[in-house]
Amino acid sequence: MKLKLEVLTAVNIGSGDALSQFSDYVYDNGFVYYLDHDRLLQELATKPNCDEMIDQFVMIVQNQAKGNTQDRFKLKSFLEGNGLDYKKYALRKVPVSEEIKEQIQLHIKSGNQPYIPGSSLKGAIRTALISHFFSSERNLKGRKGYIGEDIFGKYGEDVLKYLLVSDTMPFPEEELRIARFYKINLETKKTDIPVIKEVIMQGSISTFDLKTKAKNGEVSEEFTFLLEGNEETLLGIINNYTQKNIEIELSHLQHYSGEVTKDLEEFHNRLLQAVTQTNPAKEAYLRIGSGKTYYDNTIAQKFSDGFLHQVIKRNFKKADPNFFPKTRTVIIDGISKTVPGWIKITKI
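A quick note: this is a predicted structure, and the numbers were derived from the prediction, not measured.

So, how was this worked out
- Residues numbered from 1 in each chain as written.
- Predicted model: local features only at pLDDT ≥ 70, side-chain atom pairs only at ≥ 80, totals over all residues.
- Heavy atoms only, no water.
- Helix = DSSP H or I, 4+ residues; strand = E, 2+ residues; numbered from the N terminus.
- Buried < 20%, exposed > 50% of the residue type's maximum accessible area, 1.4 Å probe, protein only.
- Contact = heavy atoms within 4.5 Å.
- Areas by Shrake-Rupley, 256 points an atom, 1.4 Å probe, with all protein chains shown as cover.
- Lys, Arg positive; Asp, Glu negative; His and termini not counted.
- Charge placed at Lys NZ, Arg CZ, Asp CG, Glu CD.
- Pairing = 2+ DSSP bridges.
- Axes fitted to C-alpha atoms, helices over the stretch in contact; angles between N-to-C directions.
- Phe/Tyr/Trp six-rings, centres within 6.5 Å; stacked < 30°, edge-to-face > 60°.
- Lys NZ or Arg CZ within 6 Å of the ring centre and 35° of its normal.
- Core = buried A, V, L, I, M, F, W, Y, C linked by side-chain atoms within 4.5 Å.
- Salt bridge = Lys/Arg side-chain N within 4 Å of Asp/Glu carboxyl O.

Participant: What's the story with the overall build of the protein chain in this structure? I'm lost.
Facilitator: Along the backbone of the protein chain there are 9 helices and 16 strands. Burial analysis of the protein chain (348 residues in total) assigns 49% to the buried set. Considering only contacts in the protein chain between residues 6 or more positions apart, those separated by 24 or more positions represent 76%. Only carbon and sulfur atoms are counted for the fraction: they give 47% of the accessible area of the protein chain, which is about 17,600 Å². When the 47 basic and 46 acidic side-chain charges of the protein chain are each reduced to a single mean position, those positions are 5 Å apart.

Participant: What exactly am I supposed to notice about the sheet that holds strand β1 (residues 2-7) here?
Facilitator: Within a sheet, adjacent strands bond to each other through the backbone by hydrogen bonds, running parallel or antiparallel. In space, the 5 strands of this open sheet follow the order β9-β12-β1-β16-β13, with antiparallel pairing throughout. Across the chains shown, the open sheet's two edge strands, defined by having one partner strand only, are β9 (163-165) and β13 (283-287). When the angles between neighbouring strand axes are averaged without regard to direction, this sheet yields 25°. Alignment of β13 against strand β16 (residues 342-347), held across 5 bridges, turns out to be antiparallel. Among the inter-strand pairings, alanine 284 is bridged to a residue of β16, identified as isoleucine 345. With respect to the sheet, helix α4 (residues 118-133) is in contact with β1, β9, β12 (205-212), β13 and β16, its orientation differing from that of β9 by roughly 140°.

Participant: Explanation requested: the packing of aromatic side chains in the structure shown.
Facilitator: Describing an aromatic ring pair means giving the distance of the ring centres and the angle of the ring planes. Applying the stated criterion across every chain yields a total of 14 aromatic pairs. Plain terms: the ring middles of tyrosine 33 and tyrosine 86 are 5.7 Å apart, the flat faces sit at 65° to each other, and that makes the pair edge-to-face. Taken together, the positions of tyrosine 33 in strand β4 (residues 31-35) and tyrosine 86 in the loop between α3 (75-81) and β5 (90-95) put the pair 53 residues apart, joining distant regions of the chain. The exposure class of tyrosine 33 is buried, given its relative accessible area of 6%. Taking the centre distance of 5.7 Å and the plane angle of 90° together, the rings of tyrosine 294 and phenylalanine 316 count as edge-to-face. In this pair, tyrosine 294 is assigned in helix α8 (residues 294-297) and phenylalanine 316 in the loop between α9 (305-315) and β14 (327-333), connecting sequence segments 22 residues apart. Judged by its relative accessible area of 18%, tyrosine 294 is buried. Three or more aromatic residues joined by ring pairs make a cluster, and in this case those are Phe133, Phe152, Phe223 and Phe225. Over the ring of phenylalanine 31 we find lysine 93; its NZ or CZ atom is 4.2 Å from the centre of that ring. Between lysine 197 and the ring centre of phenylalanine 181, over which it is positioned, the NZ or CZ distance is 5.6 Å.

Participant: What's the story with the pairing of β16 in this structure? I'm lost.
Facilitator: Consecutive residues of a regular strand have side chains that alternate between opposite faces of the sheet. In terms of burial, β16 is largely enclosed, as 5 of its 6 residues are buried. Inspection of the sheet shows β1 paired to β16 by 5 bridges, in the antiparallel sense. Across the sheet, lysine 4 pairs through a bridge with threonine 346, a residue of β16.

Participant: I would appreciate a short explanation of unusual backbone geometry in the present structure.
Facilitator: One can expect most non-glycine residues to show negative phi and most peptide bonds to be in trans. Along the chain, phenylalanine 324 connects to proline 325 via a cis peptide bond; the corresponding omega equals -10°. Considering the arrangement of structural elements, one finds proline 325 in the loop between α9 and β14. Positive phi outside glycine occurs at asparagine 29, with the angle close to 50°. By relative accessible area, asparagine 29 is classed as exposed at 66%. The backbone of lysine 189 sits at a positive phi, close to 65°, despite the residue not being glycine. Looking at the secondary structure, you find lysine 189 in the loop between β10 (176-185) and β11 (195-200). By relative accessible area, lysine 189 is classed as partly exposed at 23%.

Participant: I would appreciate a short explanation of the side chain of glutamate 249 in the present structure.
Facilitator: Tracing the backbone shows glutamate 249 in helix α6 (residues 233-255). A relative accessible area of 10% means that glutamate 249 is categorised as buried. When sequence neighbours within four positions are dropped, the list of residues in contact with glutamate 249 reads His268, Thr293 and Arg328.

Participant: What should I look at first to understand the environment of glycine 217 in this one?
Facilitator: Relative to the elements of secondary structure, glycine 217 occurs in the loop between β12 and α6. Glycine 217 sits in the exposed class, given a relative accessible area of 76%. Placed 10 residues apart in sequence, glycine 217 and leucine 227 show a C-alpha to C-alpha distance of 9.4 Å.

Participant: Whenever I open this one, the nonpolar core confuses me. Can you help?
Facilitator: As a rule of thumb, nonpolar side chains are buried together in soluble globular proteins. With 54 residues, the main nonpolar core has Leu129 and Leu226 as its most contacted residues. Of the residues forming this core, the biggest block, 6 residues, is contributed by α4. Each residue touching leucine 226, except ones within four places of it in the same chain, is listed here: Val159, Leu160, Tyr162, Leu163, Thr212, Lys213, Ala214 and Val219.

Participant: Please clarify how the pattern of salt bridges should be interpreted in this entry.
Facilitator: Pairs can form between side chains of opposite charge whenever their charged atoms are close. Within the structure shown, the criterion is met by 15 salt bridges. We note a salt bridge from aspartate 28 to lysine 76, for which the minimum N-O separation is 2.9 Å. Linking aspartate 28 in strand β3 (residues 25-28) with lysine 76 in helix α3, this pair joins segments that are 48 residues apart in sequence. Across the pair glutamate 198 and arginine 92 runs a salt bridge, and its minimum N-O distance is 4.0 Å. Taken together, the residues glutamate 198 in strand β11 and arginine 92 in strand β5 connect sequence positions 106 residues apart. No difference in accessibility class separates glutamate 198 from arginine 92, as the two residues are buried. Salt bridges sharing partners connect three or more residues here, namely Arg92, Lys109, Glu173 and Glu198.

Following this line, the structure appears as structure tokens:
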């Protein structure tokens with residue numbers, strides 16, 4: 001089954017790499033320029049005083065990294081002062097709404113083009129499937145192995161080997177943006193220091209393939225959705241999982257309602273309406289990547305209050321089980337707040 005993937009809110013799937021604010025990019029007039037160090041050093045090598053210039057460059061980077069405020073963010077001045085047009089040596093030019101002065105965590109890419117890995121998509125689908133089949137909290141008490149082993153079988157031999165999810169086709173390089181990820185405390189309404197991430201922008205579209213390949217007799221009757229040609233059955237299961245999580249999130253937001261969370265409530269109300277009105281044989285809504293809540297990453301929606309409190313106390317020693325999770329990740333751009341990571345998948 002070929003699916004269209006639409007990015008509803010900015011998505012970040014981290015590559016594990018980051019750009020240093022001290023040496024890897026320059027901000028100028030609404031854009032961030034990623035520097036190509038190889039080309040820059042080649043140009044420096046042609047200068048009569050190249051050794052002196054390279055030493056000066058290294059000293060600026062080292063002093064900034066040590067926290068010397070006098071040398072902070074002098075990279076741009078150094079380049080301009082030595083007649084080096086950093087725009088000429090840029091790997092990429094990314095628009096931003098305001099000046100960036102922090103490390104930038106990068107999105108995973110193929111070459112220079114961002115994409116969404118099939119492993120990220122399958123992981124989110126798998127969580128929805130575990131929630132769908134989960135029947136008893138007793139199965140988790142004293143459990144060894146991975147979550148879902150009692151449902152799908154031992155790791156490596158579980159029935160989800162019959163579910164194949166491809167990477168998306170690469171998105172155009174121009175659809176990369178830089179966003180500020182904040183955590184908001186729902187109780188105090190305060191935000192922490194932002195984390196800067198590359199994202200695939202809202203409205204971006206790509207495609208990927210989802211295939212179920214089990215033959216008759218290879219899976220039991222409860223897993224008939226894994227038989228060849230039954231892929232669309234998964235969409236309804238995903239939507240049911242998503243709908244329940246949105247309803248839980250709305251109940252939390254409404255309990256701690258205020259001006260700071262107004263945008264978040266409005267977004268989730270619109271999203272809930274879209275999920276409940278969609279055709280479950282053709283479309284599904286899913287959350288992936290950075291910024292997901294505890295509920296988005298788990299099957300906590302299926303737990304009783306008492307059991308959920310036990311899980312929280314055991315795994316989050318300092319957390320209040322009656323107020324968990326207390327923070328939400330949002331992207332703040334000016335006065336607007338958005339919830340990252342939401343996508344819509346549609347059967348083509």
